[in-house]
Amino acid sequence: MKKLIAYSIIAISIIVASCDKIKVAPQNTTAKPNTRKILLEDYTGHQCGNCPAAAGVAENLSEKYGDKLIVIAVHAGFFTKLNSTYVTSYTCEAGNDWDASTGFGISGGAGNPNGMINRKNYADNGRIQKETKWSTSVSLASNDIEFCDLTLNANYDAVNRKLNTTVKTKFRRHYDNKTKISVVLTEDSIIGPQKDYSKNPDLVPNYTFMHLLRGSINGSWGADLLSSAKYQDSVIVSYPNFSINPKFVDKNVSVVAFVYDDVTKEVLQVEKVKIR
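Residues numbered from 1 in each chain as written. Predicted model: local features only at pLDDT ≥ 70, side-chain atom pairs only at ≥ 80, totals over all residues. Heavy atoms only, no water.

Engineer: Kindly report on the sheet that holds strand β4 (residues 148-157), identifying the contributing residues and their values.
Structural biologist: Read across the sheet, three strands follow the order β4-β5-β11 without closing on themselves; strand pairing throughout is antiparallel. Edge positions in the sheet fall to β4 and β11 (234-243), since each of these pairs with one other strand and no more. For this sheet, the mean inter-axis angle between neighbouring strands, taken without regard to orientation, is 10 degrees. Alignment of strand β5 (residues 162-171) against β11, held across eight bridges, turns out to be antiparallel. Looking at the pairing, V167 lines up with V237 of β11. (Pairing = 2+ DSSP bridges. Helix = DSSP H or I, 4+ residues; strand = E, 2+ residues; numbered from the N terminus. Axes fitted to C-alpha atoms, helices over the stretch in contact; angles between N-to-C directions.)

Structure below.
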């Protein structure tokens, strides 16, 4: 009888245990809120009379989305030509390469102003979009799945104007295609002449240029990251002793790093930090 009671207790224990909730091991997603940021590239030029209006759209979106949206103003193409009024060039090698027909072919094909949101075709607007479509595309991009985190650190030696940049990428889910990372510089609050068709006369002698692309730290198309990525794959890249151009006002300079798909060119994550 005692043995029968003992067997009954064991059986009941097994049944109770089997009713416990089974904890499923986490897959390649986490409960962390989506922190994928958005890159808006505004292709512009100081002789482009319609470009200040587009820059205004970018600023409004920047205010609306805060640090979730990162803007780069790329001076490239016909409207960046120099003459006796427009004496300073705001172009750089990276911007010219992105804008070229061998790149995205923006100013030479679609013209300025035009831009890209994460270098992706949203809502069938095309990858290259007029500023009137940016709001819709940015809204759609804000709901895109996050594939990776970026941790960006910039240590700047103001005396010697040397910049040490470290970028850590950690994937939050599997990604099949090859990825690359670009690290560039932008500068705010540059004062210079700008044509603006909303003004009369249309020359604004002291226009303030914001988010201006100043060049790349690791080449126009960046560096290879991973041929494919698994959940929690992590890569750290460093770029030490990069010289900041003495013409740049360093307190207005930022580093922008972004990971992109080498096949589709879609930007998967972007981060920005001021150097001082």
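What follows continues from the structure just given.
Engineer: Tell me about the nonpolar core, and name the residues and values.
Structural biologist: Grouped together as the largest cluster of nonpolar side chains are 28 residues, with contacts concentrated most on L163, V167, I181, V183 and V255. Elements represented by at least two residues in this core include exactly β4, β5, β6 (179-187), β10 (223-226), β11 and β12 (253-261). Tallying contributions element by element places β4 first for this core, with five residues. Here I181 is in contact with L150, V167, T169, N218, G222, A223, L225, V237, Y239, F258 and V259, once residues within four sequence places are set aside. L39, A76, W98 and M116 belong to the second largest nonpolar core, which has 19 residues in total. (Core = buried A, V, L, I, M, F, W, Y, C linked by side-chain atoms within 4.5 Å. Buried < 20%, exposed > 50% of the residue type's maximum accessible area, 1.4 Å probe, protein only. Contact = heavy atoms within 4.5 Å.)

Engineer: Got a sec to walk through the layout of surface pockets? Specific residues and values, please.
Structural biologist: Space inside the largest pocket adds up to approximately 210 Å³. Around the largest pocket, the lining comprises 17 residues; the ones closest to its centre are D42, A55, Y207, T208 and M210. Every element with two or more residues in the lining of the largest pocket is listed here: β1 (38-44), α2 (51-65), β2 (69-75) and β8 (203-209). Sort the elements by how many residues they give to the lining of the largest pocket and α2 lands first, with six residues. A breakdown of the residues in the lining of the largest pocket according to their chemical character gives nine nonpolar, six polar and two charged. Within this model, the second largest pocket holds a volume of roughly 160 Å³. Lining the second largest pocket are 13 residues, with L69, I70, H211, S254 and K272 sitting closest to its centre. At the level of secondary structure, the elements contributing two or more residues to the lining of the second largest pocket comprise β2 and β13 (267-274). The greatest single-element share of the lining of the second largest pocket, amounting to four residues, is contributed by β13. Residues of the lining of the second largest pocket, tallied by class, amount to four nonpolar, four polar and five charged. (1 Å grid on protein atoms, 1.4 Å probe; cavity = no way out; pocket = protein on both sides within 12 Å on 5 of 7 lines; lining within 4 Å. Points joined across faces, edges and corners; volume = space filled by probe spheres on them. Nonpolar A, V, L, I, M, F, W, Y, C, P; charged D, E, K, R; others polar.)

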